[in-house]
Amino acid sequence: MKRDYLLPTRFRLWGWVLLVPSVLSGLCSLYHGWEPYFAWMDELSVIGMTLSLLFIGFARCRQEDECVSALRLKALTLAVLVEYAVLVVGTLTCYEFDYFVFVCYNLFMLLVAFVLLFHGLVWLWRKGRLTVSARTWLLPPLYRRIGWMLAVPFAVVCVCVLFSQDFGLSWLDEAGVVGLTVALLLISFSRERQEDEYIAALRTKALVWAVYVSYIILIIGTVSIYGDAYLYFLFSNLFTLPIVFILKFRWMMHQLNKEEGSHDK
């Protein structure tokens, strides 16, 4: 289990170099728009910001040890919770075209929150102002069952809304987004019955892997989808990260239980 899906340390510098022009390009695109012959700059700014934040957030520290890994898990878990809490609030308060603008901002909420939280925690820890505690922001195991009970009906609502002709953030749209978000978070962040350091490492690997997949899909969709269809793509991609994390983590747990079962024999 040496593979941790992290990038080499030098990628962090490349990320900072790429971030500044990408942010400036994105702000110009969002507030002023580009001339028709510069329309491709919209896509380029999204791709640039995505890659730069991934490079900064998931490049290894020069001294990558168990404490840093624990801080990474805490920061990434909290960043996911912050992103989806903001998504719930925005879904309940933003409507029609404003919601598209909100979703565009929220695309990078996870990565920005993670970069700030992780590097802030590591800085405090190295200055001796923070101790690595056992607190993991996880819920009791019972909440996973509640999450599965909520996930099915709200997933059906979201699918019906997505393919209906009057897609436009009615109260049913909001209920579907909020309900499915809460359900997936309950499933994703409930403790295992025996939560130890090894399972925490598996959880970190699965979360990092899910973030990669989610933002790779975002890049592919940004390059290949245009016009009104892009809103549908963004709506669908809201749930990619928790779904991929659940699938990856449960598969890793299945493999772990299978290995332990074979050792018991």
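Residues numbered from 1 in each chain as written. Predicted model: local features only at pLDDT ≥ 70, side-chain atom pairs only at ≥ 80, totals over all residues. Heavy atoms only, no water.

1. Focus: helix H3 (residues 66-93)
Right, on to step 1. Its 28 residues give H3 an end-to-end C-alpha distance of 41 Å, which sits within 8% of 40 Å, the value for a rise of 1.5 Å per residue.
Right, on to step 2. Where H3 begins, the capping side chain belongs to Asp-65, and its oxygen is found 3.2 Å from the backbone nitrogen of Cys-67. (Helix = DSSP H or I, 4+ residues; strand = E, 2+ residues; numbered from the N terminus. Expected span 1.5 Å × (residues − 1). Polar contact = N/O pair within 3.5 Å; in protein donor to acceptor, adjacent residues only side chain to side chain.)

2. Brief notes about the packing of aromatic side chains
Right, on to step 1. If you walk through the whole model with that rule in mind, you get seven aromatic pairs.
Right, on to step 2. With 5.5 Å between their ring centres and 70° between their planes, Phe-58 and Tyr-212 make a pair best called edge-to-face. One end of the pair, Phe-58, is in helix H2 (residues 40-58); the other, Tyr-212, is in helix H8 (residues 197-224), and 154 residues separate them in sequence. For the residue pair Phe-58 and Tyr-212, the accessibility class agrees, reading buried in each case.
Right, on to step 3. The ring of Trp-209 carries Lys-248 above its face, with NZ or CZ at 4.6 Å from the centroid. (Phe/Tyr/Trp six-rings, centres within 6.5 Å; stacked < 30°, edge-to-face > 60°. Buried < 20%, exposed > 50% of the residue type's maximum accessible area, 1.4 Å probe, protein only. Lys NZ or Arg CZ within 6 Å of the ring centre and 35° of its normal.)

3. A short note on the confidence of the model for the chain
Right, on to step 1. For the chain, per-residue confidence averages 82 on the pLDDT scale, and 85% of positions sit at 70 or higher.
Right, on to step 2. A low-confidence stretch, residues 34-38 stays under pLDDT 50, and its non-local contacts, those more than four residues away or across chains, total six contacts. (pLDDT = per-residue confidence, 0-100. Contact = heavy atoms within 4.5 Å.)

4. Points about empty space enclosed by the protein
Right, on to step 1. According to the stated counting rule, one finds one cavity of 30 Å³ or more in the structure shown.
Right, on to step 2. There is about 160 Å³ of room inside the largest cavity.
Right, on to step 3. Taken together, 13 residues line the largest cavity, and the ones lying closest to its centre are Glu-83, Leu-107, Ser-214, Asn-237 and Leu-238.
Right, on to step 4. Counting only elements with at least two residues in the lining of the largest cavity, the list comes to H3, helix H4 (96-106), H8 and helix H9 (229-237).
Right, on to step 5. Tallied by class, residues from the lining of the largest cavity come to nine nonpolar, three polar and one charged. (1 Å grid on protein atoms, 1.4 Å probe; cavity = no way out; pocket = protein on both sides within 12 Å on 5 of 7 lines; lining within 4 Å. Points joined across faces, edges and corners; volume = space filled by probe spheres on them. Nonpolar A, V, L, I, M, F, W, Y, C, P; charged D, E, K, R; others polar.)

5. Examining the nonpolar core
Right, on to step 1. Counting residues in each nonpolar core, the largest one holds 71 residues, and the members touching the most others are Phe-58 and Val-211.
Right, on to step 2. A per-element tally of this core places H8 first, with ten residues. (Core = buried A, V, L, I, M, F, W, Y, C linked by side-chain atoms within 4.5 Å.)

6. Some thoughts on the environment of Val-157
Right, on to step 1. Within the secondary structure layout, Val-157 lies in helix H6 (residues 142-163).
Right, on to step 2. Separated by 19 residues in the primary sequence, Val-157 and Gly-176 place their C-alpha atoms 5.4 Å from one another.
Right, on to step 3. Beyond its immediate sequence surroundings of up to four residues, Val-157 is in contact with Leu-172 and Gly-176.

7. A word on a negative patch on the surface
Right, on to step 1. On the surface, Asp-65, Glu-66, Asp-196, Glu-197, Glu-259 and Glu-260 cluster together into a negatively charged patch.
Right, on to step 2. Within the element layout of this structure, Glu-260 appears in helix H10 (residues 240-264). (Patch = residues over 30% accessible without salt bridge, like charges linked within 9 Å, V, L, I, M, F, W, Y side chains within 5 Å. Areas by Shrake-Rupley, 256 points an atom, 1.4 Å probe, with all protein chains shown as cover. Salt bridge = Lys/Arg side-chain N within 4 Å of Asp/Glu carboxyl O. Lys, Arg positive; Asp, Glu negative; His and termini not counted. Charge placed at Lys NZ, Arg CZ, Asp CG, Glu CD.)

8. Brief notes about the environment of Ala-59
Right, on to step 1. With respect to the helices and strands, Ala-59 occurs in the loop between H2 and H3.
Right, on to step 2. Classification of Ala-59 by relative accessible area gives buried; the value is 0%.
Right, on to step 3. When sequence neighbours within four positions are dropped, the list of residues in contact with Ala-59 reads Leu-7, Pro-8, Thr-9, Phe-11, Arg-12, Leu-54 and Arg-72.

9. Side note on the pattern of salt bridges
Right, on to step 1. All chains considered together, the criterion is met by two salt bridges.
Right, on to step 2. A salt bridge links Glu-192 to Arg-144, with the nearest nitrogen and oxygen atoms 2.8 Å apart. Of this pair, Glu-192 sits in the loop between helix H7 (171-188) and H8 while Arg-144 sits in helix H6, and the two are 48 residues apart along the sequence.
Right, on to step 3. When the shortest N-O distance is used, the salt bridge between Glu-192 and Arg-250 registers 2.6 Å. Taken together, the residues span a long stretch of sequence, with Glu-192 in the loop between H7 and H8 and Arg-250 in helix H10 at a distance of 58 residues.
Right, on to step 4. Judged by its relative accessible area of 10%, Glu-192 falls in the buried class.
Right, on to step 5. Taken together, the salt bridges that share partners define one network made up of Arg-144, Glu-192 and Arg-250.

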